[in-house]
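Letter by letter, the chains look like this.
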Amino acid sequence: MRLTLIALAFAPGCFYDNGHQGPNADKPPLDAGECLAQAPDHDCDGLDSEHEDHIGTDPFDPDSDGDGINDGAELDGGTDPNNTDSDNDGRDDGSEAADGTDPLNPDTDGDGLEDGMEGEYGTDPLDPDSDGDGLTDGEESELGTDPGSADSDGDGLDDIDELDAGTDPINEDTDGD
């Protein structure tokens, strides 16, 4: 009886592979009766229940870790269906996939600032120099300048120009006058 109730709960959105890439991605949605007929795959995520038991995912939940990507698609894509954030960068796999960042690379744009930190700074995790001043977001984070502003101290000189001139890019009056 429990299998029937769970299958019916997923019936409205029960897909072979929940619309993601995978071996059954081209197949149409399943109705509740078809889902029950797929008994080895109780949650219709593309993984049979025995495999799910083996890898520790929930055979009755198509997205065991709740990150927005079903378990079968996670295995197909290389992410961990038991971990919402496979690259440990502070952003869940589903959000990264939706935003175009790489859920397997903590620093998608290679600027030295992890994707999750880019969100905290308000910078673009797909652009290594979000403010266009010639310093990567990671370099600015290390220097203490604002990776979201080309002129961190507001003195009219871009951060990179101040560094080149030997002045302080976070002090608007470096010479004290």
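Residues numbered from 1 in each chain as written. Predicted model: local features only at pLDDT ≥ 70, side-chain atom pairs only at ≥ 80, totals over all residues. Heavy atoms only, no water.

Turning our attention to the overall build of the chain. Within the chain, the secondary structure is distributed over eight helices and zero strands. In the chain, the succession of helices and strands from N to C terminus is α-α-α-α-α-α-α-α. For the chain, the proportion of its 177 residues judged to be buried stands at 36%. The contacts in the chain between residues at least 6 apart in sequence include a share of 31% that link residues at least 24 apart. When the accessible surface of the chain is split by element, carbon and sulfur atoms take 48% of a total near 9,100 Å². (Helix = DSSP H or I, 4+ residues; strand = E, 2+ residues; numbered from the N terminus. Buried < 20%, exposed > 50% of the residue type's maximum accessible area, 1.4 Å probe, protein only. Contact = heavy atoms within 4.5 Å. Areas by Shrake-Rupley, 256 points an atom, 1.4 Å probe, with all protein chains shown as cover.)

So, about the environment of Glu 140. Tracing the backbone shows Glu 140 in helix 7 (residues 137-143). Taking C-alpha positions, Glu 140 is 9.1 Å from Asp 129, a pair spaced eleven residues apart along the chain. For Glu 140, the residues in contact, after removing those within four places along its chain, are Asp 129, Asp 131, Asp 133, Leu 135, Thr 145, Asp 146, Pro 147, Ser 149, Ser 152 and Asp 159. One polar contact links Glu 140 to Thr 145, side chain to side chain, over a distance of 2.8 Å. (Polar contact = N/O pair within 3.5 Å; in protein donor to acceptor, adjacent residues only side chain to side chain.)

Structurally, Asp 111 can be placed in the loop between helix 5 (93-99) and helix 6 (115-121). For Asp 111, a relative accessible area of 5% gives the class buried. Through-space distance from the C-alpha of Asp 111 to that of Gly 138 is 5.3 Å; in sequence the pair is 27 residues apart. Here Asp 111 is in contact with Glu 118, Asp 127, Pro 128, Thr 136, Asp 137, Gly 138 and Glu 139, once residues within four sequence places are set aside.

Attention now goes to unusual backbone geometry. You will see that Cys 44, though not glycine, has its phi angle at about 55 degrees, which is positive. With respect to the secondary-structure elements, Cys 44 resides in the loop between helix 2 (32-37) and helix 3 (49-55). The phi torsion at Asn 88 lies on the positive side, around 55 degrees, for a residue other than glycine. Mapped onto the secondary structure, Asn 88 falls in the loop between helix 4 (71-77) and helix 5.

Right, let's talk about the environment of Asp 41 for a bit. Tracing the backbone shows Asp 41 in the loop between helix 2 and helix 3. Those residues in contact with Asp 41 that lie beyond four places of it in its chain are Gly 46, Leu 47, Asp 48, Ser 49 and Glu 52. For Asp 41, the side chain forms a polar contact with the main-chain nitrogen of Gly 46, separated by 2.9 Å.

A few words now on a negative patch on the surface. On the surface, Asp 48, Glu 50, Asp 53 and Asp 58 cluster together to form a negatively charged patch. Its location among the elements puts Asp 48 in the loop between helix 2 and helix 3. (Patch = residues over 30% accessible without salt bridge, like charges linked within 9 Å, V, L, I, M, F, W, Y side chains within 5 Å. Salt bridge = Lys/Arg side-chain N within 4 Å of Asp/Glu carboxyl O. Lys, Arg positive; Asp, Glu negative; His and termini not counted. Charge placed at Lys NZ, Arg CZ, Asp CG, Glu CD.)

It is worth spelling out the side chain of Asp 45 at this point. With respect to the helices, strands and loops of the structure, Asp 45 is situated in the loop between helix 2 and helix 3. A polar side-chain atom of Asp 45 sits 3.0 Å from the main-chain amide nitrogen of Leu 47.

The next thing to look at is the side chain of Asp 137. Counting through the fold element by element, Asp 137 comes out in helix 7. Despite being buried, Asp 137 has no salt bridge partner; Arg 91 is the closest side chain of opposite charge, sitting 12 Å away. Aside from chain neighbours lying at most four places away, what touches Asp 137 is Asp 109, Asp 111, Leu 113, Glu 118, Thr 123, Asp 124, Asp 127, Pro 128, Asp 129, Ser 130, Asp 131 and Pro 147.

Let us now look at the confidence of the model for the chain. As a general rule, the predicted coordinates of low-pLDDT regions are not to be interpreted in detail. Per-residue pLDDT for the chain averages 83, and the proportion of residues at 70 or more is 77%. Throughout residues 1-25 the model reports pLDDT below 50, and contacts reaching past four residues in sequence, or to other chains, amount to 49 contacts. (pLDDT = per-residue confidence, 0-100.)

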